[in-house]
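Secondary and tertiary structure notes
Spelled out from the first residue to the last, the chains are:
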Amino acid sequence: METSSTNRSAFASWLLCLLGVTLVVAMGLGHGSGWGRVVQRSGMEKRLAEQLPALGARSSYTSSQTCLSCHPDQHHSWMTTYHRTMTMRALPETVLGDFNGQTVLSDGLAYTVSRTNDTFWARMPDPDLVMQAVQGKKGGDLTRIPSVDLQVVMTTGSHHYQTYWVESPRLEGLMQTLPLVYLIEDQRWIPREAAFMRGPDDQERLVTQWNHHCIRCHSTGWNPGLDDRSGMLNTEVAELGISCEACHGPGKEHIAYHRNPFNRYARHLGSEPTDASDLVNPAKLDHQLSSHVCGQCHGVFMPNNDSAMDVAHKGVQFRPGENLHDKRYYIQYPKDPDDKERWADFQANPQFFAERWWEDGTVLAGGREFTAMSASGCYTRGKMSCLSCHSMHQAPPEDQLTPQSDANASCTQCHQEAEYNERIESHTFHSGESSGSECMNCHMPHTTYALFNAIRSHQIASPQVASSLEHGVPNACNLCHLDQTLAWTQSHLVDRYGHEALEMPLEHRETAASILWTLKGHAAQRAVGAWHMGWDVAQKTSGGDWLSPYLAILLNDPYPVVRYIAKRSLESVMGEKVPDYDFMGDSSDRQRTYQEIMAYYATNVSQRGGDGKLLLDDAGQIDQRTYRRLLRQRDDRPITIKE
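In this text the structure is predicted, and so the values were computed from the model without any measurement. (Residues numbered from 1 in each chain as written. Predicted model: local features only at pLDDT ≥ 70, side-chain atom pairs only at ≥ 80, totals over all residues. Heavy atoms only, no water.)

**Observations concerning the environment of Ser-388**
To keep things clear, this is the line we draw: Helix numbering and strand numbering both begin at the N terminus, where a helix is a DSSP run of H or I of at least 4 residues and a strand a DSSP run of E of at least 2.
Summarising the element assignment, Ser-388 is placed in the loop between helix 15 (377-380) and helix 16 (409-412). The sequence separation of Ser-388 and Ala-409 amounts to 21 residues, and the corresponding C-alpha distance is 9.3 Å.

So, in structure tokens, the structure goes:
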């Protein structure tokens, strides 16, 4: 039978298509790529979905992907932020850690990380049994707990470091921590306890469950899903990470409304009022409600008694645009004795406050920026909000600071008087072009600790020495003028701003405040002091050639985070001349590095010989007697900071 040309052409196309499919399958089977990898990837993602909390399950939420079609610019700018990557599925493109078969000890237990194709694994002591032992305070030899192989299914963090989660072997959907941290810049693993400021003798094992703790600030539309009958958690989230609906509100009704073109055009032409389902734009809220959007995570709070169980059973109760205080109790450090409720909080649990605040009530722990700002006059008496300095869509991902926040514009938008603008030198007593005339350096010093760094205090205040003298809180002046005493700072504040002169102990008249914080201060003072010794602004102001002996002693500090900061700052002082050093290494090795640096300094002394404030003799050598005396007086109180 004769076949028409059209049929022959169709048959040829069909045959080529068939051959092409056969070739793709063959390539996939032969080389582990092509179609085979697609199938493998699909299976891997399906397995991940089975282990993760239920995604996209919240009825009133949609997803950030749905926002893309109408808001491409905003979606793109959000995509670059660390908020988006706060929590992610553990995929090859999201896992930053090197799963190379390495074994790391965490609190004496062994954890081995590995990779199989596109999946990531941890051989670890059974996390359920570890949790039972910790929660039940049974003690015993935890090294006897059998190890299990668990797939890493979720990540947290993508900026400074990343940590990981596995599913409980017994409780479906319960995320248990892999107690390791991967330092992104250093490209190395460390035990989780070394990544946080905690007392060297702290026996509390850092075991965390994501579903009822981290979920609250590391996901969108979260719900722990507590079932009272079974006691189990049926956890669900709208989306992992901090996405559009965390700041703008659940979007399902909004999207349904705007899918109708008549509604869109009516809204565009202004002939249709705002519908009840419309989303919130934080920039259009007043300064308090807009800050509440950020404060839902960046604060110290607990649910009000009447909403606590709703949080456990139904999840997040706050919607952007609402008043946070309606359903949450925000904790503040008590300063007014007449505020009986807050004084009762403090007296009932002083350790809670010690882990989050300096003793003068200034916020110490990072992640509490709303708590700090809301205690400031700029917020309570003025119009300052989080959006005065930060933006999710108009700022680079590093700290989300708007362009004007790098100068004084964030402050002068309210403080428009001449003394803060064209006559700023009359206010700061510094050159108008210098760092001493930058508002934030004086009123928002880096006295908050987080993530191996000192970060700016958001508790806006003027420099003063009373807190430094009474409570040891580092002040803005001496954190920049590292080479000056507390008495020097007081004399300038008295002369220039009319501060009351306080009685000054001898050591604060003779020795630079930064040295006292570094040698005899407690761990938080040492961490903040060490960070500032690496701060380029402070080095430019105070010189850097005298700093190495004070950073060197911190290389063998009892706290890993202090050692890490000191080493990084030392590199900014000595550059490549810093000997090989591992902040997690053996104490004897760390001590050897200290001795090498001190020997190097002895032959490369500071040019500021004879400066007694810096413990330097006429030849620029360290006054070893005073140096060691101060070191023997070190404040060894245990310090824990709850970041």
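**Points about unusual backbone geometry**
You will see that Gln-400, though not glycine, has its phi angle at about 55 degrees, which is positive. Residue position: Gln-400 is located in the loop between helix 15 and helix 16. Despite not being glycine, Phe-429 has its phi angle at roughly 60 degrees, a positive value. Relative to the assigned elements, Phe-429 resides in the loop between helix 17 (425-428) and helix 18 (439-443).

**Digging into the nonpolar core**
In plain terms, the rule: Only buried Ala, Val, Leu, Ile, Met, Phe, Trp, Tyr and Cys residues count toward a nonpolar core, and they belong to the same one when joined by side-chain atoms within 4.5 Å. Remark: exposure states derive from per-residue accessible area (1.4 Å probe, protein chains only) relative to the maximum for the residue type, with buried under 20%, exposed over 50%, and partly exposed in between. The criterion used for residue contact is that any of the two residues' heavy atoms lie within 4.5 Å.
Of all hydrophobic cores here, the largest spans 66 residues; its most connected members are Met-197, Phe-452, Tyr-550 and Tyr-627. When near neighbours in sequence (up to four residues on either side) are disregarded, Phe-452 contacts Tyr-161, Leu-183, Ile-190, Ala-194, Ala-195, Trp-531, Val-561, Tyr-564, Ile-565 and Arg-568. Judged by nonpolar contacts, the second largest core, of 26 residues, contains Ile-215, Trp-222, Leu-240 and Phe-318.

**Topic: the side chain of Thr-177**
Of note, Thr-177 is situated in strand 8 (residues 175-183). Excluding residues that lie within four positions of it along the chain, Thr-177 makes contacts with Met-124, Thr-163, Tyr-164, Trp-165, Arg-192, Leu-206, Val-207 and Thr-208.

**Considering the state of the cysteines**
Operational definition: Any two cysteine sulfur atoms within 2.5 Å of one another count as a disulfide.
Evaluated as defined, the whole model comprises 0 disulfides. Cysteine Cys-70 remains unbridged, with the sulfur of Cys-67 as its closest cysteine sulfur at 8.7 Å. Exposure remark for Cys-70: the relative accessible area of 57% places this residue in the exposed category. Note on Cys-442: no disulfide assigned, nearest cysteine sulfur contributed by Cys-477 at a separation of 6.3 Å.

**Let's talk about helix 5 (residues 127-135)**
Those residues of helix 5 that fall on the buried side of the exposure criterion are Pro-127, Asp-128, Val-130, Met-131 and Ala-133. Tucked inside the fold, the buried residues of helix 5 contact strand 4 (109-116), strand 5 (119-125), strand 6 (147-156) and strand 8.

**Some points on a positive patch on the surface**
Operational definition: A residue counts toward a patch only above 30% relative accessible area and without a salt bridge, and it is joined to like-charged neighbours within 9 Å or, for Val, Leu, Ile, Met, Phe, Trp and Tyr, to nonpolar neighbours within 5 Å. All accessibility values rest on the Shrake-Rupley procedure with a 1.4 Å probe; residue burial counts only the protein chains present in the view. Salt bridges are defined by distance alone: a side-chain nitrogen of Lys or Arg within 4 Å of a carboxyl oxygen of Asp or Glu. His is not counted here, nor are the chain ends, while Lys and Arg score as positive and Asp and Glu score as negative. Taken as the charge location is NZ of Lys, CZ of Arg, CG of Asp or CD of Glu.
Taken together, the side chains of Arg-625, Arg-628, Arg-629 and Arg-632 define a basic patch exposed on the protein surface. The residue Arg-625 is located in helix 29 (residues 624-632) in this model. Arg-625 gets classed as exposed once you look at its relative accessible area, which sits at 74%.

**Looking at helix 6 (residues 210-218)**
Counted only if it meets this: Our arc is simply the arc of the directions from the helix axis toward the C-beta atoms.
For helix 6, the full list of buried residues reads Trp-210, Asn-211, Cys-214 and Ile-215. One face of helix 6 carries all of its buried residues, which in axial projection span an arc of 115 degrees.

**Brief notes about the packing of helix 23 (residues 513-520) against helix 29**
Selection rule: A fitted line through C-alpha atoms represents every axis, and for helices the fit uses only the stretch in contact; the resulting angles, taken between N-to-C directions, go from 0 to 180 degrees. Here the angle decides the label: under 35 degrees means roughly parallel, over 145 means roughly antiparallel, 65 to 115 means roughly perpendicular, and every other value means oblique. Residue polarity is assigned by list, with Asp, Glu, Lys and Arg as charged and Ala, Val, Leu, Ile, Met, Phe, Trp, Tyr, Cys and Pro as nonpolar; anything else, Gly included, falls into the polar class.
Their axes nearest at 7 Å, the elements helix 23 and helix 29 cross at an angle of 55 degrees. Taken together, the axes of helix 23 and helix 29 are oblique relative to one another. Judged by residue contacts, Leu-516, Leu-519 and Lys-520 of helix 23 engage Tyr-627, Leu-630 and Leu-631 from helix 29. Partitioned by chemical class, the residues of the contact of helix 23 with helix 29 number 5 nonpolar, no polar and 1 charged.

**Digging into the pattern of salt bridges**
Applying the stated rule across the entire model yields 21 salt bridges. Between Arg-608 and Asp-483 there is a salt bridge whose closest N-O contact spans 2.8 Å. Placement of Arg-608 in the loop between helix 28 (587-603) and helix 29 and of Asp-483 in the loop between helix 20 (476-480) and helix 21 (486-497) is noted, with a sequence separation of 125 residues between them. Residue Arg-592 pairs with Asp-589 through a salt bridge whose shortest N-O separation is 2.7 Å. Within this pair, Arg-592 and its partner Asp-589 are both found in helix 28, separated by 3 residues, close to a single helical turn.

These values are about where atoms sit, not about what they do.
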